[in-house]
Amino acid sequence: MTDRFVYHCTLRWSDLDAYGHVNNSRFLTLYEEARVALMFAGGRAWGVGSFADGVVIRRHEVDYLRPVDYALGRATAEAAPTVRIELWVEAIRAASFTVAYELYDGDVLASRARSVLVPFDLSRKLPRRISDDERAFLLSYAPAGGAA
């Protein structure tokens, strides 16, 4: 497998539910932060800024493997606790691609997820095909021989 994109996401007090765990719906927000960092910051660093012009979600699927606490014991006066999210591109089609994720609480895998994304022309309100530059960028985060 090629290198995964790794993002350290700060947890917020507002992420917690009544049980003191990160709420299941907030996992999508954490995954979103990591995905945006990959596509917008990572893409721009690669020379591809077109994802910022429009990408929509077609599908999410999330497996919750264990609860994630806010873990005040891991916090400092300067920094809230974080989780590590690793992303890679699992599939690339003509007009969509699938991003896979793993969310780690410390060294423990807490969740796995996938998102199917569609490049979108916001002005025309229509999906668009993946450009050659976008495909090359996405392939840099795809397993060797994968992401057909």
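Refer to the preceding data block for the structure.
Here the structure is a predicted model, which means the values were calculated and not measured.

J.: Please clarify how the packing of aromatic side chains should be interpreted in this entry.
T.: Under the criterion given, the structure shown has seven aromatic pairs. Plain terms: the ring middles of phenylalanine 5 and tyrosine 141 are 5.9 Å apart, the flat faces sit at 85 degrees to each other, and that makes the pair edge-to-face. Placement of phenylalanine 5 in strand β1 (residues 5–10) and of tyrosine 141 in the segment after α2 (132–139) is noted, with a sequence separation of 136 residues between them. When its relative accessible area of 15% is taken as the criterion, phenylalanine 5 is described as buried. Judged by its relative accessible area of 18%, tyrosine 141 is buried. Plain terms: the ring middles of phenylalanine 51 and phenylalanine 137 are 6.2 Å apart, the flat faces sit at 55 degrees to each other, and that makes the pair tilted. With a gap of 86 residues between them, phenylalanine 51 in the loop between α1 (24–46) and β2 (55–64) and phenylalanine 137 in helix α2 connect regions that are remote in the sequence. On the accessibility criterion, phenylalanine 51 (1% relative accessible area) is buried.

J.: Got a minute to help me understand the nonpolar core in this structure?
T.: Nonpolar side chains in soluble globular proteins generally cluster together in the buried interior. Formed by 33 residues in total, the largest nonpolar core has its most connected members in Ile85, Phe97 and Leu103. Top element by residues in this core is α1. It accounts for seven residues. Leave out the neighbours within four places in its chain, and leucine 103 touches Phe27, Leu30, Tyr31, Val68, Val83, Arg84, Ile85, Val108, Leu109, Ala110 and Ser111.

J.: Would you explain the pairing of strand β5 (residues 108–121) in this entry?
T.: Along a regular strand, successive side chains alternate from one face of the sheet to the other. Burial analysis of β5 places ten of its 14 residues in the buried class, which makes it a mostly covered element. In this structure, β2 lies alongside β5, joined through nine bridges in antiparallel fashion. Considered in β5, the bridge of arginine 59 is made with valine 116. Pairing of strand β4 (residues 97–105) with β5 involves nine bridges; the strand directions are antiparallel. Bridge pairing in β5 places threonine 98 opposite valine 116. Once β4 ends, the chain turns through two residues before running back antiparallel as β5, passing glycine 106 with a positive phi of about 70 degrees. Direction of pairing for β5 relative to strand β6 (residues 126–127): antiparallel, over a ladder of two bridges. Looking at the pairing, phenylalanine 120 lines up with proline 127 of β6. Between β5 and β6, which pair antiparallel one after the other, the connecting turn spans four residues, and lysine 125 there sits at a positive phi close to 60 degrees.

J.: How should the environment of serine 111 be read in this particular structure?
T.: Looking at where serine 111 falls in the secondary structure, it is placed in strand β5. With relative accessibility at 0%, the residue serine 111 sits in the buried group. Sequence-distant contacts of serine 111, defined by excluding residues within four places in its chain, comprise Phe27, Tyr31, Val62, Asp63, Tyr64, Leu65, Tyr101, Glu102 and Leu103. Of note is the side chain of serine 111, whose polar atom sits 2.7 Å from the side chain of tyrosine 31.

What counts and what doesn't
- Residues numbered from 1 in each chain as written.
- Predicted model: local features only at pLDDT ≥ 70, side-chain atom pairs only at ≥ 80, totals over all residues.
- Heavy atoms only, no water.
- Phe/Tyr/Trp six-rings, centres within 6.5 Å; stacked < 30°, edge-to-face > 60°.
- Helix = DSSP H or I, 4+ residues; strand = E, 2+ residues; numbered from the N terminus.
- Buried < 20%, exposed > 50% of the residue type's maximum accessible area, 1.4 Å probe, protein only.
- Core = buried A, V, L, I, M, F, W, Y, C linked by side-chain atoms within 4.5 Å.
- Contact = heavy atoms within 4.5 Å.
- Pairing = 2+ DSSP bridges.
- Polar contact = N/O pair within 3.5 Å; in protein donor to acceptor, adjacent residues only side chain to side chain.

Functional significance is not addressed by these values, which are geometric in nature.
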